[in-house]
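Structural features, examined
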Amino acid sequence: MSLLRNIHRFYGSSSSAVTAQSWIYAKVFKGEPTQQNFRLEREDLPALADGDFLARADYISVDPYMRPYMMAYPEGTPMIGGQVATVLDSRNAAFPVGSAIFGQFGWRTHTVCNPAKLKTDLPYVLPDFGSLPTSLGLGVLGMPGNTAYFGLSELCEPKEGETVVVSGAAGAVGSHVGQIGKIKGCRVVGIAGSDAKCAWLKELGFDEVINYKTANVYGELKKAAPKGIDCYFDNVGGPISEAVIKQMNVYGRIAVCGTISNYNTAIEKVTDPLRQMVFKQLRMEGFLVWRWNNRWMEGIEANLRWIRDGKLQWQETVTEGFEQVPQAFMDMLKGGNTGKAVVKV
């Protein structure tokens, strides 16, 4: 505790001595993001007022959703995103000094926050992860973990013995979805973009894996799911999803989490899926995980139990250094990560 006391003495009750660095959305994305889309800025933080706390970023998340979301923001806007941070100074009893917290603070090193002034995206103190790294609060024990937990369980409702297909299966969400499918007694088929990723998915317990870059997805799915597909967790859209939907069983369920195949490129033409939807009586629903905000800790606690029971594994692709956040983001969009992509500040 001496270190925390020293930190508190250094900052006192004011954050005015702190200069934050933040990455700015400098230029509208056109195609794949480049370094020219980002600009690094500095700002002096204000003194803390009642209800405020000062947080220092430990890990910053880079996620596919940031690419389409930022298109709605004007140039000059700070980049959005979540981070795991440590509270350095506080005038808010709910966020004591030394707490590990999650906050939607964006790509920045330090933040002064008063939760009472926020209507959405409220920060929270992380539950006790024990010996697990706090970075998991950005992955399997955070937003991606809850996306997998609620998206699969609530929308697909997989039943024992059914076949679940997951696209983008080696990402933070997809790898998690597949493991939940196995926990629920399903046959799980993963679609990923390299032999190494496919090998990792087999280690996680996926029954079959398909490398979409080297295989005919439609043909390989016929072999991997000979009884058809009951549940599809879609992270990619495009031709891969077309191939999956054509092989869905009657009353199949589809949870649409993302369409990463067209985030950086023009949308590819695919066959209109409505014929399949009608004649197979499919249920297809897009979602944002925030709809389950009122059950957020339920998801984290369930995933934590599965980890402690040895039923759920995780992997991170960690990039070192705050200055590398844009590069980590660009690499992630090109499939350079296995599991969750984070930046260690």
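Quick notes on the rules
Note on numbering: residues in each chain are counted from 1, in written sequence order. Restriction of local features to residues with pLDDT of at least 70 applies here, the model being predicted, together with a cutoff of 80 or more for giving and counting side-chain atom pairs; totals for whole chains, interfaces and linings are based on all residues. Side-chain measures here rest on the full set of heavy atoms in the structure, leaving out hydrogens and waters. In this text, helices come from DSSP runs of H or I with a minimum length of four residues, and strands from runs of E with a minimum of two, each type numbered from the N-terminal end. The classification of residues rests on relative accessible area computed with a 1.4 Å probe and restricted to protein chains. Under 20% of the type maximum is buried, over 50% is exposed, and intermediate values are partly exposed. Any two residues having at least one pair of non-hydrogen atoms within 4.5 Å are treated as being in contact. Computed with the Shrake-Rupley method and a 1.4 Å probe, the accessible areas treat only the protein chains shown as cover for residues. When charges are counted, Lys and Arg are positive and Asp and Glu negative, with His and the chain ends excluded. Note on charges: their place is set at NZ of Lys, CZ of Arg, CG of Asp or CD of Glu. As a rule, the C-alpha atoms of each element are fitted with a line to give its axis, helices using only the stretch in contact, and angles between N-to-C directions run from 0 to 180 degrees. Here the angle decides the label: under 35 degrees means roughly parallel, over 145 means roughly antiparallel, 65 to 115 means roughly perpendicular, and every other value means oblique. By convention, the crossing between two helices is left-handed when the near helix turns anticlockwise from the far helix through less than a right angle, and right-handed when the turn is clockwise. Amino acids outside the nonpolar list (Ala, Val, Leu, Ile, Met, Phe, Trp, Tyr, Cys, Pro) and the charged list (Asp, Glu, Lys, Arg) are all regarded as polar, and Gly is one of them. What makes a nonpolar core is a set of buried Ala, Val, Leu, Ile, Met, Phe, Trp, Tyr and Cys residues whose side-chain atoms join them at distances within 4.5 Å. Whether two strands pair comes down to DSSP finding at least two bridges between them. By definition here, a salt bridge exists when the distance from a side-chain nitrogen of Lys or Arg to a carboxyl oxygen of Asp or Glu is within 4 Å.

A count of helical and extended segments in the protein chain gives ten helices and 16 strands. Counting across all 345 residues of the protein chain, residues that qualify as buried make up 53%. Within the protein chain, residue pairs in contact and separated by at least 24 positions form 70% of the contacts whose partners lie at least 6 positions apart. Accessible area of the protein chain: about 15,700 Å², with a carbon and sulfur share of 52%. Distance between charge centroids for the protein chain: 3 Å, based on 36 positive and 34 negative side chains.

For the pair helix H3 (residues 143-156) and helix H4 (residues 172-183), interaxial distance at closest approach is 8 Å and the crossing angle is 45 degrees. Viewed along their axes, H3 and H4 adopt a mutual orientation that is oblique. Two packed elements cross with a definite hand, and for H3 against H4 that hand is right-handed. On H4, the residues touching Pro144, Gly145, Thr147, Ala148, Tyr149 and Leu152 of H3 are Ala172, Val173, His176, Val177, Ile180 and Gly181. Each residue belonging to the contact of H3 with H4 can be placed in one class, and the counts come to eight nonpolar, four polar and no charged.

Let us now look at the nonpolar core. Among the nonpolar cores identified, the biggest contains 68 residues, and Val62, Trp107, Leu141, Phe233, Val325 and Phe329 are the most heavily contacted of them. In terms of residue count, H3 provides more of this core than any other element does, seven residues in total. For Val62, the residues in contact, after removing those within four places along its chain, are Trp107, Val325, Ala328, Phe329, Met332, Lys340 and Ala341. Membership of the second largest hydrophobic core comes to 20 residues, among which are Ala225, Ile229, Ala243 and Met248.

Sheet strands line up and pair through hydrogen bonds in the backbone, either parallel or antiparallel. Within the open sheet, the six strands sit side by side as S11-S10-S9-S12-S13-S14. Their pairing is parallel. The sheet is open, and its two edges are formed by strand S11 (208-211) and strand S14 (283-286), each paired on a single side. Averaged over all pairs of adjacent strands, the angle between their axes in this sheet comes to 15 degrees, without regard to strand direction. Bridge count for strand S12 (residues 229-234) against strand S13 (residues 248-256) is five bridges, and the pairing is parallel. Across the sheet, Cys231 pairs through a bridge with Arg253, a residue of S13. In the packing of helix H7 (residues 238-245) onto the sheet, contacts are made with strand S9 (163-167), strand S10 (187-192), S12, S13 and S14, and the angle to S12 comes to roughly 165 degrees.

So, about the pattern of salt bridges. Counted according to the given criterion, the structure contains 15 salt bridges. For Asp207, the salt bridge goes to Lys182, with nearest N and O atoms at 2.9 Å. Taken together, the residues span a long stretch of sequence, with Asp207 in the loop between helix H5 (195-204) and S11 and Lys182 in helix H4 at a distance of 25 residues. You can call Asp207 partly exposed: its relative accessible area is 23%. One connected set of salt bridges, linked through shared partners, spans Glu154, Arg295 and Glu298.

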